[in-house]
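As a plain string of letters, each chain reads:
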Amino acid sequence: MKNGENNRVGIIGGGLGGLAAACTLAARGYRVVLLERNAWLGGKAAVFEEKGHRFDMGPTILIMPSVLRRIFAEAGERLEDHLDLVRLDPQWRCFFPDGSVLDLHQDVDTMAATLDTFAPKTNSANGYRRFLELSRRQNEVSQRSFFWRPVGCLRDTFDFKSIFQPSMLRALVDLRWGRSVTSTVRAHVAEPRVAQMLEHFTKYVGSAPDQSPAVLCSIAHVQTDEGVWYPRGGTGALPRALEALARKLGVEIRCRVGVRRILTGTDGRVCGLETEQGQRLETSAVVANSDCVRTHRELLDASVRRRFEKRRRYEPACSGVVLYLGLDRTYEGLAHHNFIFSRDPVEEFDAIYRQGELAPDPTCYLVAPARTEPTVAPPGCETLNVLVHVPYLRPHHDWTRMLPAYRRIILDKLTHTAGLADLEAHVRVERWLTPQDIHDRYGVLDGAIYGLASHGKFLGAFKPSNRSPDVPGLYFAGGSIHPGPGMPMVLMSGWIAADALDRDGLVDRSSASPRGRSEATQALPSGSKEEALP
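Residues numbered from 1 in each chain as written. Predicted model: local features only at pLDDT ≥ 70, side-chain atom pairs only at ≥ 80, totals over all residues. Heavy atoms only, no water.

Moving on, we come to helix H7 (residues 192-199). Of all eight residues in H7, seven are buried; the element is thus mostly enclosed. What H7 keeps buried is the set Arg 193, Val 194, Ala 195, Gln 196, Met 197, Leu 198 and Glu 199. The elements touched by buried residues of H7 are strand E7 (92-95), strand E8 (101-104), helix H3 (108-118), helix H4 (124-145), helix H6 (181-188) and helix H12 (345-355). Structurally, the start of H7 carries an N-cap: the backbone nitrogen of Arg 193 is 2.9 Å from a side-chain oxygen of Glu 191. (Buried < 20%, exposed > 50% of the residue type's maximum accessible area, 1.4 Å probe, protein only. Helix = DSSP H or I, 4+ residues; strand = E, 2+ residues; numbered from the N terminus. Contact = heavy atoms within 4.5 Å. Polar contact = N/O pair within 3.5 Å; in protein donor to acceptor, adjacent residues only side chain to side chain.)

What follows is the structure, given as structure tokens:
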């Protein structure tokens, strides 16, 4: 039975997951209204400009463009007609405390030759090849059983009636149940610097590699297979392209409209949304592209919240300190993406993920996009984004007190390990985000920038399902939801939520409005500049 006469789908949040869901649903003929409490679309994929420097504020590494391609194909559109993607190789440049530098190349043979030169007589090249072969097999299992479907637990992925079939047994062996990313990496590559580089594929999920399940090693194949890409115009080009597609398909977009409550009827089904302004919107289904835990705690009834909280423990992934630095000079030794590694990954991960404290010598992820798109900075200048992983917010964390000292540690690390001589003397623009800023700005759980942690050697890869098991007509998208954080996974989560809604048949498409540009929109026009950082 359809729920009510108004067969409209409401979407909470205009992040990448919400935009992906909106485009997919509208392409399939549904009436869609998207509510975003901020003045911009894209969520963390925001942009700001100052004194000729353009900064991508959030995610900066784009892998798996096939996910975007599938979303645009829903509307019969070609991704290449909307985004200009540039392949990056080397994918990363790694700086180590001993002064050595290692580039990560997409081509396996090139990378193996690089490792033979970088770490001779360590068998690192052969170990790398074996590791990537395992990663490829893990990805095959993920593509069959994990991606492109709503998953919330193990029984959603496998048919256990066939568990003793040879193909199932091979899959279970390849997934390395009960083993961590760290143990799997180091079983293939013993050289500590190379292993440290490979462990950092888990940077996409904001979790400790020694606590994360070995199946996350599949990220290595995904990255070497499809490549690392940069959209011209920066990461902000992605939400702009999705926004344009959504408008073309008739999605009604309202910015500066937050949601106070998800409304349900006497039958327990979704029946609408109440905005922070007190307006009630009738909807037959909702896709929440808001933090899953905070959505249950703040937007749903207490009985639903209690069932959700009893289901599992919800540990936030790590947070981060982000420095946005506009410099009056360039540094030629940098690649587009750079990792400046810590002296001791065990010490680093123990501090962040077990003690909940700042790492004394952190790994810094540094993006220098002028290598690929010079217009992000004035001529002869540099625009840098620096991300350092830190614990999610604890009650004793006071970032007004903690930031100045940690900023000093970060700048010293960049100066001494990455060779950015006299860095501070050349800073002309400086802004930042702390975990408290991220918590307040994006409405995420305890300032986590990657949703929920992927800890647990057996079940750490599982997140809450895209389809609510408690509220018919409620679906979820975003980094705290299956299949997890990172741009391609968040985009995929939006597609999964939309596809699940479509398959469930709770909303009738017969009353859908014709495709085309919606007249009722309140969003900022594409290309408009966001408000300045606090």
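Moving on to the nonpolar core. If you look at the biggest cluster of nonpolar residues, it comprises 156 residues, and the most contacted ones within it are Met 197 and Val 287. Examining the composition of this core, we find that eleven residues originate from one element, helix H15 (residues 487-504), more than from any other. The residues contacting Met 197, other than those within four sequence positions of it, are Trp 92, Cys 94, Leu 102, Leu 104, Met 111 and Phe 341. By size, the runner-up hydrophobic cluster in this structure holds 24 residues, among which are Ile 262, Leu 273, Phe 476 and Ile 481. (Core = buried A, V, L, I, M, F, W, Y, C linked by side-chain atoms within 4.5 Å.)

The geometry of an aromatic ring pair is captured by two quantities: the separation of the ring centres and the angle between the planes. For the structure shown, the criterion picks out 14 aromatic pairs. Each ring, one from Trp 92 and one from Phe 339, has its centre 4.7 Å from the other, and the planes form 70°; the classification is edge-to-face. One end of the pair, Trp 92, is in strand E7; the other, Phe 339, is in strand E16 (residues 337-340), with 247 residues separating them in the sequence. Here Trp 92 falls in the buried class, since its relative accessible area comes to 0%. With centroids separated by 5.1 Å and ring planes inclined at 85°, the aromatic side chains of Trp 148 and Trp 495 adopt a geometry described as edge-to-face. With Trp 148 in the loop between H4 and helix H5 (166-175) and Trp 495 in helix H15, the pair connects residues that are 347 residues apart, well separated along the chain. (Phe/Tyr/Trp six-rings, centres within 6.5 Å; stacked < 30°, edge-to-face > 60°.)

Neither face of strand E4 (residues 53-56) is exposed, since His 53 and Phe 55 on one face and Arg 54 and Asp 56 on the opposite face are all buried. In the sheet, strand E3 (residues 47-50) pairs with E4 via four bridges, with the strands oriented antiparallel. Residue pairing across strands places Phe 48 opposite Phe 55, the latter belonging to E4. Hairpin connection, E3 to E4: the antiparallel pair is bridged by two residues, and Lys 51 has positive phi, about 50°. (Pairing = 2+ DSSP bridges.)

Further remarks concern the pattern of salt bridges. Scanning the entire structure with this criterion turns up 39 salt bridges. For Arg 232, the salt bridge is made with Asp 84, and the minimal N-O distance between the two is 3.3 Å. Separated by 148 residues along the polypeptide, Arg 232 in the loop between strand E9 (228-231) and helix H9 (237-248) and Asp 84 in the loop between helix H2 (65-74) and strand E6 (85-88) bring together distant segments of the chain. A relative accessible area of 39% means that Arg 232 is categorised as partly exposed. With its nearest N and O atoms 3.1 Å apart, the salt bridge here joins Lys 413 to Asp 361. Highlighted residues: Lys 413 in helix H13 (residues 399-417) and Asp 361 in the loop between H12 and strand E17 (364-367), separated in sequence by 52 residues. (Salt bridge = Lys/Arg side-chain N within 4 Å of Asp/Glu carboxyl O.)

Further remarks concern unusual backbone geometry. Between Asp 89 and the following residue, Pro 90, the backbone shows a cis peptide bond with an omega angle of 10°. Positionally, Pro 90 belongs in the loop between E6 and E7. Residue His 482 is joined to Pro 483 through a cis peptide bond whose omega torsion reads 5°. Of note, Pro 483 is situated in the loop between strand E20 (474-476) and H15. In this structure, Lys 121 is a non-glycine residue whose phi angle is positive, near 65°. Residue position: Lys 121 is located in the loop between H3 and H4. By relative accessible area, Lys 121 is classed as exposed at 88%. One non-glycine residue, Asp 446, lies in positive phi territory at about 55°.

In terms of burial, helix H8 (residues 218-226) is largely enclosed, as seven of its nine residues are buried. Considering only its buried residues, H8 is in contact with strand E5 (62-63), E7, E8, H4 and E9. Residue Gly 227 follows H8 closely and has a positive phi angle near 95°.

With that out of the way, let us pick up the side chain of Thr 372. Looking at the secondary structure, you find Thr 372 in the loop between E17 and strand E18 (382-390). Apart from the residues within four sequence positions on either side, Thr 372 is in contact with Val 86, Leu 88, Tyr 230, Arg 232 and His 336.

Take the confidence of the model for the protein chain next. In the predicted model, the protein chain carries a mean pLDDT of 91, and 91% of its residues have values of at least 70. Overall, residues 1-5 carries pLDDT values under 50, and its contacts beyond four positions in sequence, including any with other chains, amount to twelve contacts. For residues 511-534, every residue scores under 50 in pLDDT, and the model assigns this stretch 58 contacts once sequence neighbours within four places are set aside. (pLDDT = per-residue confidence, 0-100.)

Looking now at the side chain of Arg 193. Note that Arg 193 resides in helix H7. Only 3.2 Å separates the side chain of Arg 193 from the side chain of Ser 100, close enough to count as a polar contact. Ignoring any residue separated from it by four or fewer positions in sequence, one finds Arg 193 in contact with Phe 96, Asp 98, Ser 100, Phe 118 and Ala 119.

As a further point, take the sheet that holds E18. Here we have seven strands laid out as an open sheet, ordered E8-E7-E16-E17-E18-E15-E19, and mixed in their pairing. Lying at the two open borders of the sheet, with one neighbouring strand each, are E8 and strand E19 (427-433). For this sheet, the mean inter-axis angle between neighbouring strands, taken without regard to orientation, is 20°. Bridging between E17 and E18 involves four bridges; their strand directions are antiparallel. Note that in E18 the partner of Leu 366 across the bridge is Val 386. (Axes fitted to C-alpha atoms, helices over the stretch in contact; angles between N-to-C directions.)

Of note, Leu 327 is situated in strand E15 (residues 319-327). When residues no more than four places from it in sequence are discounted, the contact partners of Leu 327 are His 53, Cys 381, Glu 382, Leu 384, Leu 423, His 426, Val 427 and Arg 428.

Our next topic: the pairing of strand E10 (residues 252-255). In summary, the side chains of a regular strand alternate between the two faces of the sheet. Alternating residues of E10 divide into Glu 252 and Arg 254 and Ile 253 and Cys 255, and every residue in both groups is buried. Sheet topology places strand E2 (residues 31-36) next to E10; four bridges connect them, and they run parallel. Among the inter-strand pairings, Val 33 is bridged to a residue of E10, identified as Glu 252.

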